[in-house]
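# Structure assessment
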Amino acid sequence: MSTATETIEGLVQQEYKYGFVTDVETDSAPPGLNEDIVRLISAKKKEPEWMTEWRLKAYRHWLTMEEPLWPHVHHPPIDYQKAVYYSAPKKKGDGPKSLDEVDPKLLETYEKLGIPLKERERLAGVAVDAVFDSVSVGTTFKKQLAEKGIIFCSFSEAVLEHPDLVKKYLGTVVPYTDNFFAALNSAVFSDGSFCYIPKGVRCPMELSTYFRINAANTGQFERTLIIADDGAHVSYLEGCTAPMRDEHQLHAAVVELIALDHSEIKYSTVQNWYPGDEQGRGGIYNFVTKRGLCKGRGSKISWTQVETGSAITWKYPSCILLGDNSTGEFYSVAVVNNFQQADTGTKMVHIGKNTHSTIVSKGISAGRGQNSYRGLVKIQKSAAHARNFSQCDSLLIGNQCGAHTFPYIEVKNTSSSVEHEATTSKIGEDQIFYCNQRGLSTQDAVNMIVNGFCKEVFRELPMEFAVEAQKLLGVSLEGSVG
Amino acid sequence: MSEPILEIKNLNAGIEGKQILKGVSLIVGPGEVHAVMGPNGSGKSTLAAVLAGRDGYNVTGGEVLYYGHDLLDLDPEERARRGLFLAFQYPVEIPGVNSTYFLKAALNEIRKAKGETELDAMEFLALVKDKMKLLELKDDLLRRSVNEGFSGGEKKRAEIFQMAVLEPKLAILDETDSGLDIDALKIVSQGVNKLKRADNAQLVITHYQRLLNYIVPDFVHVLVDGRIVRTGGKDLAFELEAKGYDWVTKGEPVPA
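Calculation rules
- Within every chain, residues take consecutive numbers counted from 1 along the sequence as written.
- A letter from A marks each chain and a number from 1 marks each ligand, given out in the order of writing.
- Side-chain atom pairs in this predicted model are given and counted only at pLDDT of 80 or more, local residue features only at pLDDT of at least 70, and totals for whole chains, interfaces and linings cover all residues.
- Excluding hydrogens and water, the side-chain figures rest on all heavy atoms present in the structure.
- Secondary structure is summarised from DSSP: a helix means a run of H or I of at least four residues, a strand means a run of E of at least two, and numbering begins at the N terminus for each.
- Throughout this description, buried means an accessible area under 20% of the type-specific maximum (1.4 Å probe, protein chains only), exposed means over 50%, and partly exposed covers the range between.
- Contacts are residue-level and defined by heavy atoms, with any inter-residue pair within 4.5 Å sufficient.
- Accessible surface area values rest on a Shrake-Rupley calculation with a 1.4 Å probe, where residue burial reflects the displayed protein chains alone.
- Charge assignment in this entry is limited to Lys and Arg as positive and Asp and Glu as negative, and neither His nor the chain termini are counted.
- A single reference atom marks each charge: NZ on Lys, CZ on Arg, CG on Asp, CD on Glu.
- Among the buried residues, those of types Ala, Val, Leu, Ile, Met, Phe, Trp, Tyr and Cys that are joined through side-chain atoms within 4.5 Å form a nonpolar core.
- Stacked, edge-to-face and tilted labels apply to pairs of Phe, Tyr and Trp rings (six-membered ring for Trp) whose centres lie within 6.5 Å, assigned for plane angles under 30 degrees, over 60, and everything in between, in that order.
- Accessible-area loss on putting two parts together, using a 1.4 Å probe and summing over both, is the definition of buried area adopted here.
- Salt bridges are identified by distance alone: a Lys or Arg side-chain nitrogen within 4 Å of an Asp or Glu carboxyl oxygen.
- Any pair of nitrogen or oxygen atoms within 3.5 Å is treated as a polar contact; in protein, a donor-acceptor pairing is required on top of that, and neighbouring residues in sequence qualify only through side-chain atoms on both sides.
- The criterion for strand pairing is that DSSP finds at least two bridges linking the strands in question.
- Note on definitions: angles span 0 to 180 degrees between N-to-C directions of axes, and those axes are lines fitted to C-alpha atoms, for helices only across the stretch in contact.
- Helices are assigned an expected span. That span is 1.5 Å times one less than the residue count.
- The angle between axes fitted to the seven-residue stretch ending at a residue and the seven-residue stretch beginning at it gives the bend at that residue.

This brings us to the overall build of chain B. A tally of regular secondary structure across chain B gives 9 helices and 12 strands. Reported as C-alpha extents along the three principal axes, the dimensions of chain B are approximately 55 × 40 × 40 Å. The buried share of chain B, reckoned over its 256 residues, is 54%. A fraction of 68% describes how many contacts in chain B between residues 6 or more apart in sequence connect residues 24 or more apart. Counting every atom, chain B has about 11,200 Å² of accessible surface; 50% of that belongs to carbon and sulfur. Separation of charge centres in chain B, based on 32 positive and 38 negative side chains, amounts to 3 Å.

Below, the structure is given as structure tokens:
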């Protein structure tokens, strides 16, 4: 009989299922970054002057900034002049007017990924915007949404069609001065999704964006902006994959959410970028800034994320609780296996009165993975009777991985309350044996225990996504226990 | 005599180099209830652990046959799928995993191994309701996570409930009576008695005689220092209770 340590250490690499490359002709900028590249990107998108200027300001500001070194992750320095900042599938003529004109190879790609991009697949009931490398290749259900006054389109399209809305809100939650990667994104962002839900409208379906990096040496910098007007409700899903490549690829996205009076935005992510191989070669560097502003009274923003991919994740979906009685939530599952590193968490900034926030973070570490939770709860003087509850649980599989927790709490008034609970546990040999003794295989036992551990987060996900997330977790940890 | 379910032949086993079982032999036939009694440290729980296949125990000699096949060669899950069930002395908590879901997965593994079709949720719930009555369980236990936050008595009852659903061929009850008050003890043992059939067997491991007031064994074995020093009928248990374990270790003759 083998000893327990051997059982738990038997690491086998599960092959990354989405690692294929699609062979499409691309229109790419030369590697490197300078003002001309920024202008080129803007010109490719036929952007108005104000947008180009905004990008250039961001670029110039970026030049003055330093890459942050505080995250608990390690990687060789990134050469920003080696990356390609614009790559698009080559279009015939002026580009697709409708999905029928989209290159069939692209549609096939999304088919393989299981993304319902064709409108005939109505049963899926999810409106999808798909972003391939740098450009949006098609948005489904546009017409049905338009009937309710909902705008759901690619970011590029929004700049051209809805400039007033974009101008009014772009950079109001994440200004280009915010941080190094947000500045870089603001200069070179290529596409992303834009969504506006008008007053009093409850979006009738889940909105979804699917991001795919395909081309080699390409950075992906999408930008998402979602605005829920007074009393509006929207649930938004985001999914990501990339091919397997030996080089690291950079993904630096920005997501801004704005919730006005009594509106609600629910943002769910299942991030499954290529994590690199079992030796730690390749994989996506995922440096993302996501922030929501609860601008109106009684508004609510809820982030749910399941992070299983990427070589390095650096991401803190946050809420600024400005409106009185507003609510912020953060539910997270972050998995690291092999050599993956994740430094993720949230910031809850309480400004309005009676604001509430909830943080539930579940970190799972296997292999030699390093998982850090970093969270800030800041309660300003103005935020009378604010309340926060934080729970950070870590689960360790094997004995070569790490879990770290960095909670920061600042409270500037006396009427507020902050609670923080943290636990660290290992999948016990006795738990596995108990499951084995009931007839379950060790792999099934681990999946069951891990899913149980993540339950509080999974139940926040929309149903289809929850099922997907559970499967994904199983795949990510496959072979983590021998 | 029909083929025995379990045949333990001169079993030697230990943990971390320390020999605990020093030649245990035991035959359990269908329809039989065997009690293994012994003082603390005599090797009772080691016997249960080795039979169930817990990691970390080394078998240094002897063999164990289960329906005539080598049991020790099988993984723990394979033993379970073939009908060997261990009611744990300390049932393990699995936070967040729903008890019903867990038990359904377990039952379906066993059914798959037997070549039977898996039960769907509705069929499973019908089965569960039936078995619940047997143990006078509150159904909220099934909605909770596996053993999480259960009292000692609830855990033991849940073990017997699992046993009722999984219908093992050989059930090993490892100190199921420990930590139970007299009412819980009655319920648990009544459950066990109801699960007794002509084609299955029970191996009841206990320190005290009191469980045997409710579960009547066909055979009582006294395990001392890794050896079965005496085997008898149910009366042996009463004598042990009256005279203490010293009585067997000092080798006084058994009164007729």
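Right, let's get into the nonpolar core. One finds Ile364(A), Leu6(B), Ile8(B), Leu51(B), Phe102(B), Leu170(B) and Ile172(B) to be the most contacted residues of the largest nonpolar core, which totals 63 residues. Ranked by the residues each element gives to this core, the list is headed by helix H10 (residues 442-458) of chain A, at 9 residues. Those residues in contact with Phe102(B) that sit more than four places away from it in its chain are Tyr434(A), Cys435(A), Arg438(A), Leu440(A), Met448(A), Ile94(B), Val97(B), Val146(B) and Gln162(B). Core analysis: the second largest hydrophobic core is formed by 53 residues, Leu56(A), Leu184(A), Leu293(A) and Ile312(A) among them.

What follows deals with the packing of aromatic side chains. Evaluated as defined, the whole model comprises 20 aromatic pairs over all chains. With a centroid separation of 6.3 Å and 90 degrees between ring planes, the pair formed by Phe152(A) and Tyr236(A) is classed as edge-to-face. In this pair, Phe152(A) is assigned in strand S5 (residues 151-154) and Tyr236(A) in strand S9 (residues 233-241), connecting sequence segments 84 residues apart. Classification of Phe152(A) by relative accessible area gives buried; the value is 3%. A centroid spacing of 4.8 Å and a plane angle of 65 degrees characterise the contact between Tyr434(A) and Phe88(B), whose relative ring orientation is edge-to-face.

Across the contact, 24 residues belong to chain A and 32 residues belong to chain B. Of the roughly 2,300 Å² buried at the junction of chain A and chain B (both faces included), carbon and sulfur atoms supply 61%. Note that Glu159(B) is salt-bridged to Arg438(A), the shortest N-O span being 2.7 Å. On inspection of chain A and its partner chain B, the count reaches 11 residue pairs in polar contact (both at pLDDT 80 or more). Among the secondary structure elements, those contributing two or more residues to the side of chain A that touches chain B are helix H1 (4-9), helix H9 (429-437) and H10 of chain A.

The next point concerns unusual backbone geometry. Trans is the prevailing form of peptide bonds, just as negative phi is the prevailing case for residues other than glycine. Residue Asn325(A) is not a glycine yet carries a positive backbone phi of 60 degrees. Of note, Asn325(A) is situated in the loop between strand S16 (318-321) and strand S17 (327-336). For Asn10(B), which is not glycine, the phi torsion reads 50 degrees and is therefore positive. Mapped onto the fold, Asn10(B) is located in strand S1 (residues 6-15).

All names here are of chain B. Taken together, the 6 strands give an open sheet; going across it, the order is S6-S9-S10-S3-S11-S12, and neighbouring strands pair in mixed fashion. The sheet is open, and its two borders are formed by strand S6 (84-87) and strand S12 (227-232), each paired with just one other strand. Averaged over all pairs of adjacent strands, the angle between their axes in this sheet comes to 20 degrees, without regard to strand direction. Sheet topology places strand S11 (residues 219-224) next to S12; 5 bridges connect them, and they run antiparallel. Paired with Val222 across the strands is Arg230, a residue of S12. The sheet strands contacting helix H6 (residues 152-166) are S6, strand S9 (170-174) and strand S10 (201-206), and the helix crosses S6 at an angle near 165 degrees.

A few words on the environment of Gly452(A). Structurally, the position occupied by Gly452(A) is in helix H10. Relative accessible area serves as the criterion here: at 9%, Gly452(A) is assigned to the buried category. As for Gly452(A) and Ile397(A), which are separated by 55 residues in sequence, their C-alpha atoms are 14 Å apart. In this structure Gly452(A) touches Pro95(B), Gly96(B) and Val97(B), once residues within four positions along its chain are discounted.

Residues and elements named next belong to chain A. Of all the 8 residues making up strand S14 (residues 300-307), 7 are buried; the element is thus mostly covered by neighbouring parts of the structure. Direction of pairing for strand S12 (residues 264-271) relative to S14: parallel, over a ladder of 8 bridges. Considered in S14, the bridge of Gln271 is made with Glu307. Sheet analysis places S14 next to S17, joined by 8 bridges and oriented parallel. In the strand pairing of S17, Thr304 is matched with Tyr331.

Turning our eyes to something else, we now look at H10(A). All names here are of chain A. Look at H10: 22 Å from first C-alpha to last across 17 residues, which is about the 24 Å you get at 1.5 Å a residue. Taken as a whole, H10 carries its principal kink of about 40 degrees at Gly452. The buried fraction of H10 amounts to 13 of the 17 residues, a majority that puts the element mostly inside the structure.

Moving on: the pattern of salt bridges. All told, the structure shown has 31 salt bridges over all chains when counted by the stated rule. The residue Glu329(A) makes a salt bridge to Lys300(A) at a minimum N-O spacing of 3.5 Å. Of the two residues, Glu329(A) sits in strand S17 while Lys300(A) sits in strand S14, which places them 29 residues apart along the sequence. Close ionic contact of Asp199(B) with Lys169(B) constitutes a salt bridge, the shortest N to O distance being 3.3 Å. In this pair, Asp199(B) is assigned in the loop between helix H7 (182-195) and S10 and Lys169(B) in the loop between H6 and S9, connecting sequence segments 30 residues apart. Connected via shared salt-bridge partners are Glu78(B), Arg81(B), Arg82(B), Glu109(B) and Lys112(B).

By themselves these figures say nothing about function.
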